[in-house]
Amino acid sequence: METSGGVILSAPIIDALPSCDASELEHRLLEYQAILDNASLGITFTRRRTFLHCNQRFSEMFGWESNELVGQPANLTYPSPAAYDRWLRMAAPVLRAGRRLDTEVQMARRDGSIFWCRMLGRLIDPADASKGAIFITEDITERKEAAEAQRRLLLEYQAMLDNASLGVTFSRKRRFLHCNRRFSEMFGWTCEELIDQPTHILYPSPEAYEELTLLARPILTSGQRLDLEVRMKRRDGMLFWCRVLAKSIDPSDPGKGTIYLTEDITERRSAQEAIKRAHDELELRVQERTAELARANALLQAEIQERQMAEERIRYLAHHDALTGLPNRRLLQDRMEQALEMARRHRHLVAVQFIDLDCFKPINDRLGHHVGDLLLQAVATRLRSLLRGVDTVARVGGDEFVIVLPEMHEESAAQETAQKVLAALSQPYDIDGHQMLVTPSIGVSLYPRDAQSAERLLSAADCAMYHAKRQGKGNWQLFRDGMCVPG
């Protein structure tokens, strides 16, 4: 291992460089280091199960400072030595065969938290594993969680379909793509056997099928629901009567497919033929059954929609404040990390404003929580109206708000925004018939001048806000050296 200008260099990188003088060598090495440290994926080089080099993204992904992992054993980033050994047993044959390793594996951050990674790896020289290996690592935790959530949702939908009392099938271009258990049982097939079969196999003859197609096409393409009774054929050739309800996914594009609900009505048709004198009574029963089917269909659709809306609401509430609709602390943290990442890449400033409403508690105590809540909502509305599309305003506490201003080019722009916020929030409020004045105390911190991380940047703005309160409230203060940063 060699160093140049404080940059850690691995032997394979040096060996790969063309012959050049010392200054050019140092320049080339700095270029390579810049490329690695600005990569969006984690990149590391190991030899004999020890980290010899890793880029900045790899260190951040695992919670280590730059270069702290150098010289550390590779199993440090795995949940346990046993987990690392299992990974070695899987990966070693692939790497030694000269193939590229491409796998998903659970790994561990410095704080012990477990997360999912996609790992690509290859030996420098498959014939000599001692020369080391290069690995590219991507955090895929969110992708895995989203896939698992979709899988659970699909299983729930499948359970509902498989327990439905009606046969349900989906076809496209006259072939079956999906059906529920009731449908396959009705016709004497398994679901697997019906998939990709032509839909005409369930009809008495090709002529009968084409006749039905001519009848159904104008109804479905007009966006209406097809509802008819037709003779159909089981796998063993037996004919029986079915009631078929169908609707196109998209009437303007028949190629997107059609949903069918099918009910075996053989017994009902037999009863109709046997009891012709009871026609009126039978007609009433048919109408009742039709209404029941319509309610069942509407209930199924409503349950699916309700579940989707509930899941969307849960996802929304997980990242937003229920009272104001603003991003909450969790989403704020994510937005700050994104803003800082972009600022590092493009060398922008990022400004953070920590806002606390002066004398909010007396208003809340005197006029009640209802008025206090309405005041907070009014403050949130004013803050939204002041910001750009790329800015973020979040509620992080009772009467505390945070504004994140990315892509700032000058410190003066952050100061101007703080003055606008102060002026806007200091205007009178008419809340539920009460006229009131509320001033904010605002603390402002700047990246990279005041802090490098989201947490420290927020703490600096918080300290500046408390300094603003000590200066008499109703003003804004920039964070300066000497202000105590909490934590």
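Note that the structure is predicted; figures quoted are calculated from it, not measured.

Caption draft 1: Representation of the pairing of strand β8 (residues 167-172) in the model. Taking burial as the measure, the 6 residues of β8 include 5 buried ones, the bulk of the element. Note that β8 and strand β12 (residues 258-264) share 5 bridges and pair antiparallel. For Ser-171, the partnering residue across the bridge sits in β12 and is Thr-258. Judged from the 4 bridges that link them, β8 and strand β9 (residues 175-179) form a sheet pairing that is antiparallel. The partner of Ser-171 across the bridge, within β9, is Phe-176. What sits between the antiparallel neighbours β8 and β9 is a turn of 2 residues, in which Lys-173 has the positive phi angle 50°.

Caption draft 2: View of the pattern of salt bridges. The full count for this structure, using the stated rule, is 27 salt bridges. A salt bridge links Asp-227 to Arg-225; the nearest nitrogen and oxygen atoms lie 4.0 Å apart. Here Arg-388 makes a salt bridge to Asp-391, at a shortest N to O gap of 2.6 Å. Judged by its relative accessible area of 10%, Asp-391 is buried. Linked by salt bridges that have partners in common, Arg-100, Asp-102 and Arg-118 make up one network.

Caption draft 3: Structural detail: the environment of Arg-182. Here Arg-182 is to be found in helix α6 (residues 181-187). What makes Arg-182 partly exposed here is its relative accessible area of 28%.

Caption draft 4: Broad picture of a negative patch on the surface. Taken together, Glu-60, Glu-65, Glu-142, Glu-145, Asp-334 and Glu-337 make up a surface patch of like negative charges. The set of elements that each furnish at least two residues to the negative patch consists of α5 (141-162) and α11 (329-346). Here Glu-60 is to be found in helix α3 (residues 56-62). The exposure class assigned to Glu-60 is partly exposed, which follows from its relative accessible area of 37%.

Conventions used here
Residues numbered from 1 in each chain as written. Predicted model: local features only at pLDDT ≥ 70, side-chain atom pairs only at ≥ 80, totals over all residues. Heavy atoms only, no water. Buried < 20%, exposed > 50% of the residue type's maximum accessible area, 1.4 Å probe, protein only. Helix = DSSP H or I, 4+ residues; strand = E, 2+ residues; numbered from the N terminus. Pairing = 2+ DSSP bridges. Salt bridge = Lys/Arg side-chain N within 4 Å of Asp/Glu carboxyl O. Patch = residues over 30% accessible without salt bridge, like charges linked within 9 Å, V, L, I, M, F, W, Y side chains within 5 Å. Areas by Shrake-Rupley, 256 points an atom, 1.4 Å probe, with all protein chains shown as cover. Lys, Arg positive; Asp, Glu negative; His and termini not counted. Charge placed at Lys NZ, Arg CZ, Asp CG, Glu CD.

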